[in-house]
Amino acid sequence: MARSSVFGVLLWLTIAAQARAVEVIRIAVAENADLLTVEGVGLQIKRLGESGSYEPVESGRIRVLPSERGLVIDGKPLDQPDVRFRATGMLTCARERLRGELEIRRGSRGLVAVNILPLEEYLAAVLGSEMPPTFPPEALKAQAVAARTYAVRKKIEAAGRPYHLGATWLDQVYGGASRETPSTRAAVEATQGEVLTYEMEPIEAYFHSACGGHTEAGADALGRPLPYLQEVECPCETAQSSAWTLDLSPAECRKAFGSIVREVDVVDRSRSGRARRIAITLGRGSRVYNATDFRRRLGYERLRSLDFQAEVSSGGLRLHGKGSGHGAGMCQWGARTYADQGWDYRQILDHYYPGTELRKMY
Ligand SMILES: [Zn+2]
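Parameters and conventions
- Residues numbered from 1 in each chain as written.
- Predicted model: local features only at pLDDT ≥ 70, side-chain atom pairs only at ≥ 80, totals over all residues.
- Heavy atoms only, no water.
- Pairing = 2+ DSSP bridges.
- Helix = DSSP H or I, 4+ residues; strand = E, 2+ residues; numbered from the N terminus.
- Axes fitted to C-alpha atoms, helices over the stretch in contact; angles between N-to-C directions.
- Contact = heavy atoms within 4.5 Å.

Caption draft 1: Looking closely at the sheet that holds strand 20 (residues 286-290). Ordered in space as 18-19-20, the three strands form an open sheet in which the pairing is antiparallel. The sheet is open, and its two borders are formed by strand 18 (261-269) and strand 20, each paired with just one other strand. Between one strand and the next, the sheet's axes are offset by a mean angle of 20°, whatever the strand orientation. Relative to strand 20, strand 19 (residues 275-282) is paired through five bridges, and the arrangement is antiparallel. Paired with Ile 280 across the two strands is Arg 287, which belongs to strand 20. Together, strand 19 and strand 20 form the strand contacts of helix 8 (residues 291-298), whose direction differs from that of strand 20 by roughly 100°.

So, in structure tokens, the structure goes:
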């Protein structure tokens, strides 16, 4: 059980008081756009911010551009930085089908489209993007709680800003309503309003695809030394091997490090065995990279995890590794394995986020 603090209790009471019957979230589905088109059956537009009223758009389609003084709506200037849309069915914008309402506002570098919708509907779509919907129900429920907790935390941190989260892997992947399935909706409904807390605060509920056998401490994975992000054992390798090999050509090494590579050595590893610092002898001189910089240079998508062995292959690099993602918090393939073994979602969450408490926010 987590300790409680006075601050935590007050914060929790504040959050719970703010949580209305329908908790709403604001997601940026497009940023820095030169042009946005909004479509929908029964499309309506509200031009005058919060105080205006909705008017029908007969054509069912509107083009929005930024201008010096505000926006240009279907060729007509509007001296105002934002407009809102809704439809009787779904809205379509930035190639996504969206529930709820859409706000388009002029940002400093173009247009920003913000989808405003109930948190629970957002989560049903996030689940379909972040975890295979065919995973067992208890794994999906654990993912629903982790994703809700992550979103609630971000919402608190972003108070007063135009949106709470982006729609990419930098936050949680949100691909609109087309990513919902009956199984993701069921997992969200079964855990409605439930968030993970530590000392009464919603936690930083990081998760990842596969850890390779041991999750990583928050301090090593993300520079977040949080008591509930500890290194724990994980059975994900029994479900599916996460082994991978990455070959980098001499040209790719030149691009990443400015030179071919003559020698490579992982000089420091975390307790779970992931690389912390990598020494590389280059064509001229040598350098030591910290692991996050190393991963950034090779690309987060290409270098799937920091759990690797490295060798030089004729001026290039060959990395043998396992796992996918930063390794902190819940391992999704591990959650699937535990669910197959009969664990319920509470047990799964308790394993990956030790010391936390599950609380119903609404
Ligand atoms: Zn794992």
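Caption draft 2: The sheet that holds strand 7 (residues 76-78), seen in detail. Pairing is antiparallel across the open sheet formed by six strands, whose spatial order is 7-6-5-2-9-10. The strands lining the two open edges of the sheet, one partner per strand, are strand 7 and strand 10 (96-98). For this sheet the average axis-to-axis angle between neighbouring strands, irrespective of direction, equals 25°. Two strands pair when backbone bridges link them, and strand 6 (residues 71-73) and strand 7 are joined in this way by three bridges, in the antiparallel orientation. Of the residues in strand 7, the one forming a bridge with Ile 73 is Lys 76.

Everything listed is a geometric property; what it means functionally is a separate question.
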